[in-house]
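Spelled out from the first residue to the last, the chains are:
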Amino acid sequence: MKKMSRNVLLQMEEEDDDDDGDIGDVPTSRRPFLTPHTHLSSSLVLENLGQTIIPDLGSLESQHDFRTPEFEEFNGKSDSLFFNDGQRRIDFVLVYEDESRKETSKKGTNEKQRRKRQAYESNLICHGLQLEATRSVLDDKLVFVKVHAPWEVLCTYAEIMHIKLPLKPNDLKNRSSAFGTLNWFTKVLSVDESIIKPEQEFFTAPFEKNRMNDFYIVDRDAFFNPATRSRIVYFILSRVKYQLINNVSKFGINRLVNSGIYKAAFPLHDCKFRRQSEDPSCPNERYLLYREWAHPRSIYKKQPLDLIRKYYGEKIGIYFAWLGYYTQMLLLAAIVGVACFLYGYLNQDNCTWSKEVCHPDIGGKIIMCPQCDRLCPFWKLNITCESSKKLCIFDSFGTLVFAVFMGVWVTLFLEFWKRRQAELEYEWDTVELQQEEQARPEYEARCTHVVINEITQEEERIPFTAWGKCIRITLCASAVFFWILLIIASVIGIIVYRLSVFIVFSAKLPKNVNGTDPIQKYLTPQTATSITASIISFIIIMILNTIYEKVAIMITNFELPRTQTDYENSLTMKMFLFQFVNYYSSCFYIAFFKGKFVGYPGDPVYWLGKYRNEECDPGGCLLELTTQLTIIMGGKAIWNNIQEVLLPWIMNLIGRFHRVSGSEKITPRWEQDYHLQPMGKLGLFYEYLEMIIQFGFVTLFVASFPLAPLLALVNNILEIRVDAWKLTTQFRRLVPEKAQDIGAWQPIMQGIAILAVVTNAMIIAFTSDMIPRLVYYWSFSVPPYGDHTSYTMEGYINNTLSIFKVADFKNKSKGNPYSELGNHTTCRYRDFRYPPGHPQEYKHNIYYWHVIAAKLAFIIVMEHIIYSVKFFISYAIPDVSKRTKSKIQREKYLTQKLLHENHLKDMTKNMGVIAERMIEAVDNNLRPKLE
């Protein structure tokens, strides 16, 4: 290996030919980069982070002083995680295609890429990393560069990154569970501790090199676990430079991968997922995760969260912890929801108003007014008999109870999750996450404006002025607003479709019920329109969703957030706002707008001056809302799971098909991992987004569909195992990342929880028929408004359908459009209006105003009760349990005491040495004088 003691950067005068924009481009005068530090203290490295050392090495053609990795042949050990010497562990793998063996005519481009890669690898070596290159067994054009971080490098960057490491074993005793009698049951659900051994707990502190003796270092090779080693190496890979163009530095492995200079960069899995490694020193964590977590036979078991966190990092671990806790809480909601559904199902035979709809002498003799102009006929009320029976299941007293329960449930879930999250912060050492988040390379690449920092009073560079920032924010907000308007336009299109198709179905479908034909009983014009519109709405939602994902990323890139956390939070808000409108707009329309502004048959309301507004079934729009939720929730769950399972599996299957000719060869661990699918930076973001959208369906519209928590529960049980299967079998190992919580998703869920109380109260008040039925039962079934001697629901249908005189139909210029559709003199319609001949004919009657007053009173009372309970629960349940607080304080005290005692011991020892030397020096000076 050629020796060299300084950084190497290609200095080029010509234009760069990379195709990935300016990502990783930074003027040399302002990018804090790493400098060689193998033999420097961490404090000097921290100082060097603000410096740039770029030696002038001449033009592209004249540079030959590169430090290159050693080339070694594959030693035939397919499970090996070490260099060929068997001593140095592989912490990261870089893959590139040898330009000299490419079958292409672009020799100039290949040479430039080769020189950039050589400069980058040379600088990696200068920064203390050790490299070893090996050619592919299956494709000799591919070269795998294995990266190893020696002890000195790990210690230096552990201090820079404020990584917490063990001081001494944790001697705090865990309190025994209050549910000791259920230990036999929890033991069945838990992972066998003889297979996955519990992790030993330690007191930890941010690592410092000058206090290395204070840390619990039994074995240097095991002190930094593989996940921590990979994290440190990735930190270095992301910040090392490789090129200088017009005083602008290019840096980072991400840019090199995006531009095709490297084909991939990833840490290694520790073994195959189906069998254990032949290496006795391998912990086989991937195999254990597959067997005890991802395998279908473990579907009933708890997740091994500590092992997930250890193998994939805290960011992946906190996601699965949240998803598992959400799924556990759904179990209670699903049980209550099923109970409410069964209550409605078992009591549907006692539904008086449904019996009246189906009765041939009541519903069979009520002639309903046409629901559209000219083509729609008169129809009998009893054709909606089957839908009214279904509606009795969902529009019952159990629905009210369940809506109130879910308002309390969502608060309990969020509050108890905060407590669980605090426990994980303590257990996973993220209570005081001190890692300083670096600015994104894309941000620093555009820092061209110099300003004075108000705090430090020093110059700093920013990418744009205040005016430029305002312009960017305005443009981004305008783009988001435009796409939201596009969604609203698609919803309007669906409404127009409903109105148009309803006319066709009304003209084509049978007018009368034939008891021998089951299709006629269920396929009414309203049902046919609702189902087809829901399916089309779902298809449009998925198409717009696919397009907007790319648009949202483009908008966020243009907005240029400073850190990765800012970037993810900004993208989260944009995507959720879009998805909220995309998925929920059709449900909001059905729940709160459809059938509310239709006028009456003699004076209907028209959309766009052309289409007559939609009406609900005589029982209301609740059943249609239920249908919409079922199709969207079910379709989304099926589509997402198919996509998540089939897509990576098919891609890997295609890859194996292309490599079938060399399948009999023994391939090394790094080559097996290379042929797995890469998981994008935002892979976890989409998993969160999918679950939060589902959380919205479960909470916002649950009053119309009490089985929603059950569907979500079944989906989530599968989702956990599908995600686990993907990570362990189909994807390369992710770079471990730290995370303290679930980020911006927590306030989003809190906002949904607050909105859910309002939406469910309004669904019960305005979408269901519960309030009109209660008003009739308590006020209008008995005198002075009714004729019955006791409270009853008999006569409800006749009382709530208004009368219209057919002769009063008008069509501005064409006269009565229904004069040839029968000899009917009157028809009925769904509203509370005075009959013809009344002094206030077709005006709202007293029943209407009673119902409106009751609806408003119900909303106010229900909201205040639930919000009061929510706020009381939030106040009564602290975010951090007393036990966890005590543990945190106890650990902090013992850690400080330990560090302080060790520091005092060192000082005492040093002072003793100094005192002895002083006494010896004084003694040596006084002795001659005394003599």
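As shown above, the structure is provided for reference.
Remember, predicted model here, so these are calculated numbers, not experimental data. (Residues numbered from 1 in each chain as written. Predicted model: local features only at pLDDT ≥ 70, side-chain atom pairs only at ≥ 80, totals over all residues. Heavy atoms only, no water.)

Chemist: Would you mind going over the overall build of the protein chain in detail, with residue names and values included?
Modeler: When you go through the protein chain residue by residue, the secondary structure sums to 27 helices and 21 strands. Long-range contacts, defined as pairs at least 24 residues apart, comprise 78% of the intrachain contacts of the protein chain with a sequence gap of at least 6. As displayed, the protein chain has an accessible area near 44700 Å², and 58% of this comes from carbon and sulfur atoms. (Helix = DSSP H or I, 4+ residues; strand = E, 2+ residues; numbered from the N terminus. Contact = heavy atoms within 4.5 Å. Areas by Shrake-Rupley, 256 points an atom, 1.4 Å probe, with all protein chains shown as cover.)

Chemist: Could you give an account of helix H21 (residues 683–700), naming the residues involved and the relevant values?
Modeler: Along an α-helix, a turn takes 3.6 residues, which lines up residues three or four apart on a common side. Taking 1.5 Å of rise per residue, 18 residues should cover 26 Å, and H21 covers 26 Å from first to last C-alpha, within 8% of that figure. Of all 18 residues making up H21, 17 are buried, and the element is well covered by its neighbours. (Expected span 1.5 Å × (residues − 1). Buried < 20%, exposed > 50% of the residue type's maximum accessible area, 1.4 Å probe, protein only.)

Chemist: I'd like to hear about the pairing of strand S5 (residues 130–135), residue by residue, with values.
Modeler: With 2 bridges joining them, strand S3 (residues 70–71) and S5 adopt parallel strand pairing. Note that in S5 the partner of Glu70 across the bridge is Glu132. As paired elements, S5 and strand S6 (residues 142–148) share 6 bridges and run antiparallel to each other. Within S6, the residue paired with Leu131 across the bridge is Val147. (Pairing = 2+ DSSP bridges.)

Chemist: Quick one: what's the story with the pattern of salt bridges, residue by residue and with numbers?
Modeler: Evaluation of the coordinates by the stated rule reveals 30 salt bridges. In this structure, Arg291 engages Glu292 in a salt bridge whose closest nitrogen and oxygen atoms are separated by 3.3 Å. For Glu292, a relative accessible area of 3% corresponds to the buried category. Here Glu559 and Lys574 are joined by a salt bridge, their closest N and O atoms 2.5 Å apart. Here the residue Glu559 occupies a position in helix H17 (residues 525–559), and Lys574 occupies one in helix H18 (residues 564–592), the gap between them amounting to 15 residues. For Lys574, a relative accessible area of 10% puts it in the buried group. Among the ionic contacts, a cluster of salt bridges with common partners joins Glu199, Glu285 and Lys310. (Salt bridge = Lys/Arg side-chain N within 4 Å of Asp/Glu carboxyl O.)

Chemist: Tell me what's going on with the environment of Lys302, and back it up with residues and numbers.
Modeler: As for its placement among the helices and strands, Lys302 is situated in the loop between helix H8 (285–294) and helix H9 (305–312). Counting along the chain gives 22 residues from Lys302 to Gly324, while the straight-line C-alpha distance between them is 8.3 Å.

Chemist: An account of the state of the cysteines is needed here, citing residue identities and associated values.
Modeler: A full pass over the atoms with the stated rule returns 3 disulfides. Covalently, Cys351 is tied to Cys392 through a disulfide, its sulfur atoms 2.2 Å apart. One disulfide, between Cys351 and Cys392, carries an S-S torsion of -70 degrees and so falls in the left-handed class. Of this pair, Cys351 sits in the loop between helix H10 (314–346) and helix H11 (352–358) while Cys392 sits in helix H12 (residues 385–394), placing them 41 residues apart in sequence. Overall, Cys392 belongs to the buried group, its relative accessible area being 4%. Each sulfur of the disulfide joining Cys369 and Cys827 lies 1.9 Å from the other. In this structure, the disulfide formed by Cys369 and Cys827 twists by about 90 degrees around the S-S bond and is classed as right-handed. With Cys369 in the loop between strand S12 (367–368) and strand S13 (379–380) and Cys827 in strand S21 (residues 826–830), this pair connects stretches of sequence that are 458 residues apart. Note on Cys369: relative accessible area 4%, which makes it buried. Its relative accessible area of 1% is what places Cys827 among the buried residues. (Disulfide = S-S within 2.5 Å.)

Everything listed here is a matter of geometry and, on its own, says nothing about what the molecule does.
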